[in-house]
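# Analysis of the macromolecular model
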Amino acid sequence: MKLDNQGLLIVISGPSGVGKGTVRKALFQRSDHDLEYSISMTTRKPREGEVDGVDYYFVSKEEFEERIKNDQFLEYATFVGNYYGTPKDKVLDKLKSGSEVVLEIEVNGASQIKKKMPDAVFIFIAPPTYDALEKRLISRGTEHSDAIKERIEKAHQEIKLASQYDYIVINDEVDNAADRIMAIIRAEHAKTTRTIDEYLKLMEE
Ligand code: 5GP
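Heads up: these notes are all about the structure in this document. (Residues numbered from 1 in each chain as written. Predicted model: local features only at pLDDT ≥ 70, side-chain atom pairs only at ≥ 80, totals over all residues. Heavy atoms only, no water.)

### With respect to the sheet that holds strand β5 (residues 73-79)
One open sheet holds the four strands; their spatial order is β4-β3-β6-β5, and the pairing between them is mixed. Looking at which strands have only one partner, the edges of the open sheet turn out to be β4 (57-58) and β5. Bridging between β5 and strand β6 (residues 82-87) involves six bridges; their strand directions are antiparallel. If you follow Phe79 over to β6, its bridge partner there is Asn82. Packed onto the sheet, helix α2 (residues 61-69) meets β3 (41-42), β5 and β6 and runs at close to 45 degrees relative to β6. (Pairing = 2+ DSSP bridges. Helix = DSSP H or I, 4+ residues; strand = E, 2+ residues; numbered from the N terminus. Contact = heavy atoms within 4.5 Å. Axes fitted to C-alpha atoms, helices over the stretch in contact; angles between N-to-C directions.)

### Focus on the environment of Asp89
Inspection of the secondary structure assignment puts Asp89 in helix α3 (residues 88-96). Taking the C-alpha atoms as reference, Asp89 lies 20 Å from Ser60; in sequence the two are 29 residues apart.

### Details of the sheet that holds strand β9 (residues 167-170)
Within a sheet, adjacent strands bond to each other through the backbone by hydrogen bonds, running parallel or antiparallel. Taken together, the five strands give an open sheet; going across it, the order is β2-β7-β1-β8-β9, and neighbouring strands pair in parallel fashion. Since the sheet does not close on itself, it has two edges, and those belong to β2 (35-37) and β9, each with one partner. Neighbour to neighbour, the strand axes of the sheet diverge by 25 degrees on average, direction disregarded. In this structure, strand β1 (residues 9-13) lies alongside strand β7 (residues 100-104), joined through four bridges in parallel fashion. In the sheet register, Leu9 faces β7, and the bridge partner there is Val101. Packing of α3 onto the sheet brings it into contact with β1, β2 and β7, and relative to β7 it is tilted by some 150 degrees. Contacting β1, β7 and β8 (121-126), helix α4 (residues 107-116) crosses the sheet at an angle of about 150 degrees to β1.

### Quick word on α4
Among the residues of α4, Val107, Gly109, Ala110 and Ile113 are the ones counted as buried. Each buried residue of α4 sits inside an arc of 155 degrees when the element is viewed along its axis, so together they form one side. Elements in contact with the buried residues of α4: β1, β5, β7, β8 and α6 (145-159). Put simply, Glu106 is the residue that caps the front of α4, since its side-chain oxygen is 3.1 Å from the backbone nitrogen of Asn108. (Buried < 20%, exposed > 50% of the residue type's maximum accessible area, 1.4 Å probe, protein only. Arc of directions from axis to C-beta. Polar contact = N/O pair within 3.5 Å; in protein donor to acceptor, adjacent residues only side chain to side chain.)

### Notes on the packing of helix α5 (residues 130-140) against α6
Two numbers describe how α5 lies on α6: the axes approach to 11 Å, and their chain directions differ by 145 degrees. In terms of crossing hand, the pair formed by α5 and α6 is right-handed. Of α6, the residues touching α5 (which contributes Tyr130, Leu133, Glu134, Leu137, Ile138 and Arg140) are Ile148, Arg151, Ile152, Ala155, His156 and Ile159. (Left-handed = near helix turned anticlockwise from the far one by under 90°.)

### So, the site of the ligand
Lining the immediate environment of the ligand, one finds 17 residues, of which Ser40, Arg44, Tyr56, Tyr84 and Glu106 sit closest. For the ligand, an oxygen atom lies 2.5 Å from a polar atom in the side chain of Tyr84. Alone, the ligand offers 510 Å² of accessible surface; in the complex the protein occludes 96% of this. Elements represented by at least two residues in the shell around the ligand include exactly β5 and β6. (Near = heavy atom within 4 Å. Areas by Shrake-Rupley, 256 points an atom, 1.4 Å probe, with all protein chains shown as cover.)

This is the structure we're talking about:
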């Protein structure tokens, strides 16, 4: 029996190249989930195989800046020269209707969400080692060597922010990481602070 009907906002963050995207996709491939992914908006050019409206909403810098002016993002950040942001209305509507919404965002955006929505669940995906992170970025083959260097330098800063999160999930193996995230989501639903009012009401009936 599920006691809390309010959808959870689940924030998956961590350094670039740690495999957040892969872990998130593994999570969404499971049949036992009831999660909605919030598709981000970016000014980055699509990589091969990426589809507009599926992987990201790809927009121009001008359009992104117009949306910033109109307060249309729940959070946004610049990352390695491009804007990335979470469209606000869709996320808030989904949460209101009881859906579980997953954001997969970099660490500055996660800090903004923490200030605005402290009830959200913050999960830091961590690399097992810096070497593993570098190997992943190289094998992904989507960045040239300067960009890889820049992302590794950034990762050293980002790792320090792990202490601000509710949970750390080490991405040693994608399926294990996805298992742990599912376990976290289930445990969060049983948290007294999320369920007690509803439970006491139920027992009075
Ligand atoms: P990539 O260019 O590799 O797709 O993404 C670069 C970084 O931006 C990744 O760490 C990714 O998680 C993050 N990112 C993707 N969407 C958003 C977003 O909406 N907001 C923020 N703050 N970061 C995002």
